[in-house]
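The primary structure of each chain is shown beneath.
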Amino acid sequence: MMIEKFGSGLGRRDFLKFTALAGAAVAGVAAVGIRPTLADEDLPLKGKRIGISAAGTDHFFDLQAYNAQIEEVKRLGGEPIAVDAGRNDGKLVSQLQTLIGQKPDAIVQLLGTLSVIDPWLKKAGDAGIPVLTIDVGSTYSLNNSTSDNWGVGKDLALQLVSDIGGEGKIVVFNGFYGVTPCAIRYDQLVNVVKYFPKVEIIKPELRDVIPNTVQDAFTQVTAILNRYPEGSIKAIWSAWDVPQLGATQALVAAGRTEIKTYGVDGSPEVLQLVADPKSPAAADVAQQPAELGRTAIRNVARLLSGEKLPRETYVPALLADKANVGEVTKKLGIG
């Protein structure tokens, strides 16, 4: 398991048997990474041109991973060709076309909807350009640097279910099922919840959007609070933590802090809310985006040096809750 949990576990003895059952149902689907043989200091990129394509950099995770890739290419002696699509699918396609035309020694794609990017990742491979990815489950990627999203989704869901006592209605944001990590985390939530028949996902599910994610989540949650009186909703879940931020703000504005919020990524502003004992932000799985970016570039260097790469390389994620958020932020260097 690649999620590190500080302090005590779920904290409810009655849930141990359910945790074991749910864990057994979702375990074993992710491949185990192969330990690289080259030390970091031996990885050469001198004279290599590395394309770095980002779907966008407006989110903390994206920007950290993007900048870390650029810095790591330079550190290893290579030349980064970095482009940012600004959350515009048309621009993302165009920048991939441009990168393919420039014939770099490799391309790394950071995030993106599979239906949009897959044809172009295939074209890059067909042109003889190795393609690696970050948080993209494409069959055309030689290696994907990512968190263990099966573990992320399962552990966050188990934390939520434990916190609400195994019963109650929950609100779910599900707007980006075409993005592999979001889909996996959502599926794991559903897999866990089915073992807790008193937990109900409110239908229809909410759809998070980009841009204006915080404002839109605030508006949607405010509207649903008007339909559900106090005590009728226990939690709000999102596959990433920007909707969680908007949802938390809406709960505070409405005075409905009895509802807990959950998300993934470890954005500093969300971890600050988790650290606030009065905030309804209950837990956030913090990824390590800069390390993901560095890992992807090191894997490029290994590949170009003739090493065989695993299908996926996992970087540990850290489950932060009210009890351990100080330790998590300290470990991430953002506290």
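Since this is a predicted model, take the numbers as computed values, not measurements.

1. Side note on the environment of threonine 146
At step 1: Tracing the backbone shows threonine 146 in strand β6 (residues 144–146).
At step 2: For the pair threonine 146 and aspartate 135, spaced eleven residues apart in the sequence, the C-alpha separation amounts to 5.0 Å.
At step 3: What threonine 146 contacts, discounting residues up to four positions off in sequence, is Asp135, Leu292, Glu312, Thr313, Tyr314 and Val315.
At step 4: Among the polar contacts made by the side chain of threonine 146, one reaches the side chain of asparagine 149 at a distance of 3.1 Å.

2. Re the layout of surface pockets
At step 1: Here the second largest pocket is characterised by a volume of approximately 410 Å³.
At step 2: Considering the residues around the second largest pocket, the lining is formed by 22 residues, among which Arg87, Leu111, Phe176, Val179 and Ile210 are closest to the centre.
At step 3: Taken together, the elements giving at least two residues each to the lining of the second largest pocket come down to α2 (60–75), α3 (89–102) and α6 (180–193).
At step 4: Ranked by the residues each element gives to the lining of the second largest pocket, the list is headed by α6, at three residues.

3. Notes on the confidence of the model for the chain
At step 1: Per-chain confidence: the chain averages 90 in pLDDT, with 87% of residues scoring 70 or above.
At step 2: Every residue in residues 6–36 scores below 50 in pLDDT, and together they form 40 contacts with partners more than four places removed in sequence or on other chains.

4. What about α2?
At step 1: Relative to the 22 Å expected for 16 residues at 1.5 Å per residue, α2 spans 22 Å between its end C-alpha atoms, a close match to the ideal helical length.
At step 2: Among all positions of α2, only Phe61, Asp62, Ala65, Tyr66, Ala68, Gln69, Ile70, Glu72 and Val73 are buried.
At step 3: Each element contacted by the buried residues of α2 is listed here: β2 (49–54), β3 (79–84), β4 (106–110), β5 (131–134), β10 (260–265) and α10 (289–304).
At step 4: Phi turns positive, to about 90°, at glycine 77, one or two residues after α2.

5. Quick look at the sheet that holds β3
At step 1: A sheet is described by the order of its strands in space; here six strands give the open sequence β3-β2-β4-β5-β6-β12, paired in parallel fashion. Each edge of the open sheet is held by one strand with a lone partner, namely β3 and β12 (312–314). Recorded for the sheet is a direction-independent mean angle of 20° between the axes of neighbouring strands.
At step 2: By the bridge criterion, six bridges tie β2 to β3 in an arrangement that is parallel. Opposite serine 53, over in β3, you have valine 83 as the bridge partner.
At step 3: The strands touched by α3 are β2, β3 and β4; relative to β2, the strand with the most contacts, the crossing angle is about 175°.

Rules used in this analysis
- Residues numbered from 1 in each chain as written.
- Predicted model: local features only at pLDDT ≥ 70, side-chain atom pairs only at ≥ 80, totals over all residues.
- Heavy atoms only, no water.
- Helix = DSSP H or I, 4+ residues; strand = E, 2+ residues; numbered from the N terminus.
- Contact = heavy atoms within 4.5 Å.
- Polar contact = N/O pair within 3.5 Å; in protein donor to acceptor, adjacent residues only side chain to side chain.
- 1 Å grid on protein atoms, 1.4 Å probe; cavity = no way out; pocket = protein on both sides within 12 Å on 5 of 7 lines; lining within 4 Å.
- Points joined across faces, edges and corners; volume = space filled by probe spheres on them.
- pLDDT = per-residue confidence, 0-100.
- Expected span 1.5 Å × (residues − 1).
- Buried < 20%, exposed > 50% of the residue type's maximum accessible area, 1.4 Å probe, protein only.
- Pairing = 2+ DSSP bridges.
- Axes fitted to C-alpha atoms, helices over the stretch in contact; angles between N-to-C directions.

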